[in-house]
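Descriptive analysis of the structure
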Amino acid sequence: MVRIKICGLTSKESAWAAVEAGADAVGFVFASGRRRVSPDHVREIIRSIPPYVTTTGVFVDADLNELNHIAEYCQLDVLQLHGNESPEYCKLAVRPIVKTLHIHGEEHDLIGEMNKYKPGARAILLDTYVAGESGGTGKAFPWEHVKELHLNASIILAGGLHSGNVASAILQTNPFAVDVSSGVETNGVKDSFKMEAFVRAVRECHVAQRFLI
Ligand SMILES: O=C(O)c1ccccc1NCC(=O)[C@H](O)[C@H](O)COP(=O)(O)O
């Protein structure tokens, strides 16, 4: 089954809407940008979230002590790193790491890059490279490029996904999980109907995949 993470939640209401839509994981952005939330606010939201939903903090080149402090303070389950964090940095984090690699479109050694992070990161998130941005751009990269690499690590596919394209993305890349933010928003705010439609599209795709085997 393809797992689903809904990222960039900024309120208790939107976090609950993501959980009720059926998300396996929810994400909170601590990096600068319009979705940034404070540790105090996230701690409060996470206290209201039921068990068995994975809580994730998104960071960009945070100071390691600060990263670990926020992880403990907010009781985050997973840390998702979108900057230039090194493999050594990942090994020193107090929670499992998801390391993001940004796809330019003509990667020469994506597998080599992924292998560098293997001991320190539990999974690799592939997101679209957009100059001057770290994530949450709503832009997709060419998935056929990833398909050709026959990736077999724990891949989380992100970047420009929405209910209308996620099935095609899954069929082309066979990821462990998908991650969405912009594609479940309306005018920059999380939209519960779009979250439900996204989860439905992923679940239906999984059923269709099973019948294909
Ligand atoms: O969302 C942000 O503002 C953000 C800022 C800095 C680093 C990462 C950020 N978001 C990460 C995500 O929301 C997703 O993991 C991923 O980038 C997919 O986003 P989208 O293309 O909007 O679905």
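Looking at an unreviewed UniProt entry, the chain carries the name N-(5'-phosphoribosyl)anthranilate isomerase, with the source organism given as Paenibacillus pini JCM 16418. Recorded in UniProt under Pathway (unreviewed entry), the annotation for the chain is "Amino-acid biosynthesis; L-tryptophan biosynthesis; L-tryptophan from chorismate: step 3/5." The chain has a UniProt comment under Sequence similarities (unreviewed entry) that states "Belongs to the TrpF family."

Around the ligand lies a shell of 21 residues, among which Arg35, Asp127, Gly136, Ser181 and Ser182 are the nearest. With respect to the ligand, the side chain of Asp127 contributes an N or O atom lying 2.5 Å from an oxygen atom. One of the backbone N or O atoms of Gly136 is found 2.8 Å from an oxygen atom in the ligand. Coverage of the ligand by the protein chains reaches 97% of its 520 Å² of free accessible surface. Taken together, the residues of the shell around the ligand sort by class into 6 nonpolar, 11 polar and 4 charged.

The 8 strands are arranged β1-β2-β3-β4-β5-β6-β7-β8 in a closed barrel whose pairing can be described as parallel. Taking the axes of each pair of neighbouring strands and ignoring which way they run, one obtains an average angle of 25° across the sheet. As defined by bridge partners, strand β3 (residues 54-59) adjoins strand β4 (residues 78-81) across 4 bridges and the pair is classed as parallel. The partner of Val58 across the bridge, within β4, is Gln80.

Not every positive phi belongs to a glycine, and Asp61 is a case in point at roughly 45°. Tracing the sequence through the fold places Asp61 in the loop between β3 and α3 (64-74). Even without glycine at this site, Asn187 takes up a positive phi of about 50°. Along the chain, Asn187 turns up in the loop between β9 (185-186) and β10 (189-190). Using a relative accessible area of 77% as the deciding quantity, one classes Asn187 as exposed.

Calculation notes
Residues numbered from 1 in each chain as written. Predicted model: local features only at pLDDT ≥ 70, side-chain atom pairs only at ≥ 80, totals over all residues. Heavy atoms only, no water. UniProt positions renumbered as here; feature names shortened; annotations may be inferred. Near = heavy atom within 4 Å. Polar contact = N/O pair within 3.5 Å; in protein donor to acceptor, adjacent residues only side chain to side chain. Areas by Shrake-Rupley, 256 points an atom, 1.4 Å probe, with all protein chains shown as cover. Nonpolar A, V, L, I, M, F, W, Y, C, P; charged D, E, K, R; others polar. Pairing = 2+ DSSP bridges. Helix = DSSP H or I, 4+ residues; strand = E, 2+ residues; numbered from the N terminus. Axes fitted to C-alpha atoms, helices over the stretch in contact; angles between N-to-C directions. Buried < 20%, exposed > 50% of the residue type's maximum accessible area, 1.4 Å probe, protein only.

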